[in-house]
Amino acid sequence: ADTNGDQKNELVLVHQARTNGPAQLIRLAVESGDQTAAARAFVERGRIALDDPDHTLIAIEDLLPGPGREVVLATRKRTACYPWTDGNTEATTPIVLARMARFTIRLDEPQFSPFVIDLNKDGLLDLMLPSLRGVQPFFQERADDRGKPRYRRMELVTVPVSTSVG
C-alpha cells in the first residue's frame, strides 16, 4: 500500500513477539538508489504500536486529503487513522474518526479487514464494524474544514453469526 504518497507501495506487516505480547505494525519500503532491483533491500520506514492487539482490526485506505493511504485501526476504544508521510519514520498522531465506532470482539491477534468500504455508494468511505449482534455501520458525511471525515452512526444491521471454540 502506498502509505506516504510517493507512488511506491510499502509493505505493512503485523509483528507480535508472542501470543498476547506487544504488537505493532511495521512499514517496510524498498531501498531507493542505483542498485539493480534484485540488489535492493527492504528498509524500515516506521512503526505503529497496537495497544490492544486482541481487539484490533486494520485497514489501509485513503481517507484524508493529503497524499497516500492511511492506516485505520478499529479497537475497543475508537476507530482512528494514522497518516504516514514520506521520509517520516513514525506515523503521525492518530486522528479519531469515530469514538463510538468500537470493535469489541476478541481475536487471537490483530487482523487486516475490509471494514472501511463505500457501503452506500456515495463515493465516501464508510465504516462497518462487526459485533456479536451484527454489523454497526457508520456513514461518512462531509469532511470538516481541515478535511477530517465525519461519521454518523446508523442502526445496527443484524446478520447471522456463528462461533466455534477449539
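As shown above, the structure is provided for reference.
Residues numbered from 1 in each chain as written. Predicted model: local features only at pLDDT ≥ 70, side-chain atom pairs only at ≥ 80, totals over all residues. Heavy atoms only, no water.

Quick look at the overall build of the protein
When you go through the protein residue by residue, the secondary structure sums to zero helices and twelve strands. When the helices and strands of the protein are listed from N to C terminus, the series reads β-β-β-β-β-β-β-β-β-β-β-β. Put simply, the protein has 166 residues, and 40% of those count as buried. The contacts of the protein with a sequence gap of at least 6 include a subset with a gap of at least 24, amounting to 44%. Accessible area of the protein: about 9900 Å², with a carbon and sulfur share of 50%. (Helix = DSSP H or I, 4+ residues; strand = E, 2+ residues; numbered from the N terminus. Buried < 20%, exposed > 50% of the residue type's maximum accessible area, 1.4 Å probe, protein only. Contact = heavy atoms within 4.5 Å. Areas by Shrake-Rupley, 256 points an atom, 1.4 Å probe, with all protein chains shown as cover.)

Section: the nonpolar core
Among the nonpolar cores identified, the biggest contains 19 residues, and Leu63, Val72, Phe115, Val116, Leu127, Phe138 and Tyr151 are the most heavily contacted of them. Mapped onto this core, the elements with two or more residues apiece are strand 4 (57-61), strand 5 (70-74), strand 7 (95-98) and strand 10 (126-130). In this structure Leu127 touches Thr79, Ala98, Ala101, Phe115, Val116, Gln136, Pro137, Phe138 and Tyr151, once residues within four positions along its chain are discounted. (Core = buried A, V, L, I, M, F, W, Y, C linked by side-chain atoms within 4.5 Å.)

Re the pattern of salt bridges
Considering all chains together, one arrives at five salt bridges under this definition. Measuring nitrogen to oxygen at the nearest pair gives 2.7 Å for the salt bridge that ties Arg76 to Asp52. In this pair, Arg76 sits in the loop between strand 5 and strand 6 (79-82) while Asp52 sits in the loop between strand 3 (42-50) and strand 4, placing the two residues 24 residues apart along the sequence. You can call Arg76 partly exposed: its relative accessible area is 45%. Here Arg106 and Asp54 are joined by a salt bridge, their closest N and O atoms 3.0 Å apart. One end of the pair, Arg106, is in the loop between strand 7 and strand 8 (111-112); the other, Asp54, is in the loop between strand 3 and strand 4, and 52 residues separate them in sequence. (Salt bridge = Lys/Arg side-chain N within 4 Å of Asp/Glu carboxyl O.)

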